[in-house]
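Okay, here's what each chain looks like letter by letter:
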Amino acid sequence: MTQALAISIDAMGGDHGPSVVIPAVSRALGELPPNVRFLLHGDEAQIRAELARCKTASDRVEVRHADKVVAMDEKPAQALRRSKGSSMWNAVEAIREGEAAAAVSSGNTGALMAISKLILRMAADLDRPALVAGIPHPKGITTFLDVGANVDCDAERLVEFAIMGEAFHRAAHGVAHPTVGLLNVGSEDMKGHEEVRQAHAVLREGKIDLDYRGFVEGDDITRGKVDVIVTDGFTGNVALKAMEGAAKFITGELKSALKANLLTTFGAGLARGGLMKFRDRMNPPPAAPLLGLNGIVLKCHGGATDRDFAQALRVAADLAQSGFAAEIERNMRRLPAALADAGPAAADVELPQ
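Residues numbered from 1 in each chain as written. Predicted model: local features only at pLDDT ≥ 70, side-chain atom pairs only at ≥ 80, totals over all residues. Heavy atoms only, no water.

## Examining the confidence of the model for the protein chain
Then, in step 1: Mean pLDDT over the protein chain: 85, with 91% of residues reaching 70 or higher.
Then, in step 2: Taken as a whole, residues 344–353 scores under 50 in pLDDT and shows 10 contacts with residues more than four places along the chain or in a different chain. (pLDDT = per-residue confidence, 0-100. Contact = heavy atoms within 4.5 Å.)

So this is what it looks like as structure tokens:
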């Protein structure tokens, strides 16, 4: 008999709350196996009204009332002080209590990271969680991290992100031996700031079981040069938002061009199927898992549609059934020795003149 798998949901998070979350749950009920069920945390009256509107009556859905909601503009420190008993807090706490295998929220990113770290703690001696995004390229997906959780990162953090990203890519995309690269301003060893060169030295030594391919540049993110690209949260967030902005610009310009006259509009109608595929490929990733926690937490973007949120639920279910957490722990046990062995190698790297 297949074991039941529960996904815990902050039903009040994001820009739209239950009006998006509940239709997403309705979608997911038809797409995921019958052993997957959902715990919905939030205002019971609002949630049940949406369930009735969507005609979602299922023994796979459980509603748990929460009086509080973490505001989208609330500071993480403030959220930690007052969020106990909120829909976000309760969604994450269900993992710790063994009631759920994963949690999903469209709410405040900083608050979700702080609450998740406090409740679940970090796994395998990791220092901080990392947000990961899937970036499409011509042959598949590039796993890109960190995209905003950690603005400042030293070499050890970057190596941790490489370990987490490699294990995640294997679990999420079925690649047996993902390749890994460090984002830099050039591919030469002497390029980049001290932290990225030190991380490069550690990974290059090969003491950690990763297929490390060295430095990669910004245009490699969408070329698929490697499976996993690692950077700090400041650079990653800027790069991600720049790509999102470029995608919106290209999509907007294409729409304008196709509506220019009757002929182009007619042509767009004929090409509707291809254009829909183009739109889906250009859309930003709907959810970013927080890697490194003792549990699976996914952050869906605040303006997510029901389609986006349903996709995030599918990712949560897939990750909950994978073994990527154990792989992270295995490689983390090798990290102290690898850092010690690569110390002289990192010191030997010369600063650019």
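## What about the sheet that holds strand β1 (residues 5–10)?
Across a sheet, strands are paired by hydrogen bonds formed along the backbone, either parallel or antiparallel in direction.
Then, in step 1: Within the open sheet, the 11 strands sit side by side as β3-β2-β1-β4-β11-β10-β5-β6-β9-β7-β8. Their pairing is mixed. At either margin of the open sheet sits one strand with a lone partner, and together these are β3 (61–65) and β8 (211–216). For this sheet, the mean inter-axis angle between neighbouring strands, taken without regard to orientation, is 25 degrees.
Then, in step 2: In the sheet, strand β6 (residues 140–145) pairs with strand β9 (residues 228–230) via 3 bridges, with the strands oriented parallel. Paired with Phe144 across the bridge in β9 is Ile229.
Then, in step 3: In the packing of helix α6 (residues 155–173) onto the sheet, contacts are made with β5 (130–137), β6, β7 (179–183), β9 and β10 (287–291), and the angle to β6 comes to roughly 150 degrees. (Pairing = 2+ DSSP bridges. Helix = DSSP H or I, 4+ residues; strand = E, 2+ residues; numbered from the N terminus. Axes fitted to C-alpha atoms, helices over the stretch in contact; angles between N-to-C directions.)

## Details of the side chain of Lys299
Then, in step 1: As for its placement among the helices and strands, Lys299 is situated in strand β11 (residues 296–300).
Then, in step 2: One buried charged side chain, Lys299, makes no salt bridge at all; its nearest oppositely charged neighbour is Asp15, positioned 8.2 Å away.
Then, in step 3: Of note is the side chain of Lys299, whose polar atom sits 3.3 Å from the backbone oxygen of Gly107.
Then, in step 4: Once residues lying within four places of it in the same chain are set aside, the contact partners of Lys299 are Ser105, Ser106, Gly107, Asn108, Thr109, Leu112, Leu131, Pro286, Ala287 and Ala288. (Buried < 20%, exposed > 50% of the residue type's maximum accessible area, 1.4 Å probe, protein only. Lys, Arg positive; Asp, Glu negative; His and termini not counted. Salt bridge = Lys/Arg side-chain N within 4 Å of Asp/Glu carboxyl O. Polar contact = N/O pair within 3.5 Å; in protein donor to acceptor, adjacent residues only side chain to side chain.)

## Digging into the environment of Asp125
Then, in step 1: Tracing the backbone shows Asp125 in the loop between α5 (109–120) and β5.
Then, in step 2: The class for Asp125 is exposed, based on a relative accessible area of 75%.
Then, in step 3: Residues Asp125 and Glu160 lie 35 residues apart in sequence; the distance between their C-alpha atoms is 9.9 Å.

## Quick notes on the pattern of salt bridges
Then, in step 1: Evaluation of the coordinates by the stated rule reveals 17 salt bridges.
Then, in step 2: The salt bridge partner of Glu50 is Arg53, with a shortest N-O separation of 3.0 Å. Of the two residues, Glu50 and Arg53 are both situated in helix α2 (residues 44–53); the distance of 3 residues between them amounts to about one turn of the helix.
Then, in step 3: On the basis of relative accessible area, Arg53 is assigned to the exposed category, the value being 53%.
Then, in step 4: Here Asp211 ties to Arg213 by a salt bridge, and the two come within 2.9 Å at their closest N and O atoms.
Then, in step 5: According to the relative accessible area criterion, Asp211 is partly exposed, its value standing at 29%.
Then, in step 6: Because the salt bridges share partners, they merge into one network encompassing Arg37, Glu62, Arg64 and Glu99.

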